[in-house]
Amino acid sequence: MVNLRDYAQFSGLLIFGNIENLILASQGAVAHVNPYILGGLSLILVIIWFLIGTYGTKMAIKYADYIEIIGGVAIIILGLQSMLEAVGVL
């Protein structure tokens, strides 16, 4: 049985990671990428991240604050990039 308390420190990163996935999917849709390829690659990456998260949590838990900050910055940068591309700046 999975103990969700082990993942509590990463809850913010999990939530914003899903937002990042939506941003990347919308960028792929705007770029007219084949939706089947995009969906398949997205599914593969979700499974990879699930495995990394499941087995890497015990090792990474002591670095949770740093990981969350770095992940948050990456999500903000990707969101800004997506918005700038949407209005034609980039």
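Values in this document were obtained by computation on a predicted structure and should not be read as measured data. Numbering of residues starts from 1 in each chain and follows the order in which that chain's sequence is written. Only residues with pLDDT of 70 or above have their local features reported here, since the model is predicted, and side-chain atom pairs are shown and tallied only from 80 upward, although totals for entire chains, interfaces and linings are computed over all residues. Here the side-chain values reflect all heavy atoms present in the structure, with hydrogen atoms and water set aside.

Draft legend 1. Representation of the overall build of the protein chain. For the protein chain, the count of helices and strands is three helices and zero strands. Helical segments are the DSSP runs of H or I of at least four residues, strand segments are the runs of E of at least two, and each set is numbered from the N terminus. For the protein chain, the sequential pattern of α-helices and β-strands runs α-α-α. Across its three principal directions, the C-alpha atoms of the protein chain cover 45 × 25 × 15 Å. Accessibility here uses a 1.4 Å probe with only protein chains present; expressed as a share of the type maximum, an area under 20% marks a residue as buried, one over 50% as exposed, and anything in between as partly exposed. Residues classed as buried in the protein chain amount to 16% of the 90 residues present. Sequence-distant contacts, at least 24 apart, represent 82% of the contacts inside the protein chain between residues at least 6 apart. Surface summary for the protein chain: the accessible area is close to 7,300 Å², and the carbon and sulfur share equals 74%. Two residues qualify as a contact provided that any one of their heavy atoms is within 4.5 Å of a heavy atom in the partner residue. A 1.4 Å probe and the Shrake-Rupley method give the accessible areas. Residues count as covered only by the protein chains that appear here.

Draft legend 2. Here's a closer look at helix α2 (residues 35-60). In this scheme, the bend at a residue equals the angle between the axes fitted to the seven residues that finish there and the seven that begin there. Of all bends in α2, the biggest is about 35°, found at Thr 54. Contacts made by the buried residues of α2 are with α3 (64-86). Here α2 starts with a cap whose side-chain oxygen sits 2.9 Å from the backbone nitrogen of Tyr 36, and that cap is Asn 34. Nitrogen and oxygen atoms within 3.5 Å of one another constitute a polar contact, given that in protein one can donate a hydrogen and the other can accept it, and given that sequence-neighbouring residues count only through two side-chain atoms.

Draft legend 3. Quick look at unusual backbone geometry. Positive phi outside glycine occurs at His 32, with the angle close to 60°. Inspection of the secondary structure puts His 32 in the loop between α1 (11-30) and α2. You can call His 32 exposed: its relative accessible area is 71%.

Draft legend 4. Quick look at a nonpolar patch on the surface. Put simply, a patch holds well-exposed residues, over 30% relative accessible area, that have no salt bridge, with like charges counted together within 9 Å and Val, Leu, Ile, Met, Phe, Trp or Tyr side chains within 5 Å. Criterion for a salt bridge: a side-chain nitrogen of Lys or Arg within 4 Å of a carboxyl oxygen of Asp or Glu. A contiguous nonpolar patch, built from Ile 37, Leu 41, Ile 44, Leu 45, Ile 48, Trp 49 and Ile 52 and spanning about 720 Å² of accessible area, is present on the exposed surface. Mapped onto the secondary structure, Ile 52 falls in helix α2.

Draft legend 5. Summary view of the confidence of the model for the protein chain. Counting all residues, the mean pLDDT for the protein chain is 79, and 93% of those residues have values of 70 or more. One confidence number per residue, pLDDT, is output by the predictor and ranges from 0 to 100. Here α1 stands out as the least confident element of the protein chain, with mean pLDDT 74; α3 is the most confident, with 87.

Draft legend 6. Quick peek at the side chain of Ser 82. Within the element layout of this structure, Ser 82 appears in helix α3. Among residues more than four places away in sequence, those in contact with Ser 82 are Ile 23, Ser 26 and Gln 27.

Draft legend 7. Molecular detail of the environment of Leu 4. Here Leu 4 lies in the segment before α1. Judged by relative accessible area, which is 66%, Leu 4 ranks as exposed. Distance from Leu 4 to Asp 65, taken between C-alpha atoms, is 17 Å for residues 61 residues apart in sequence.

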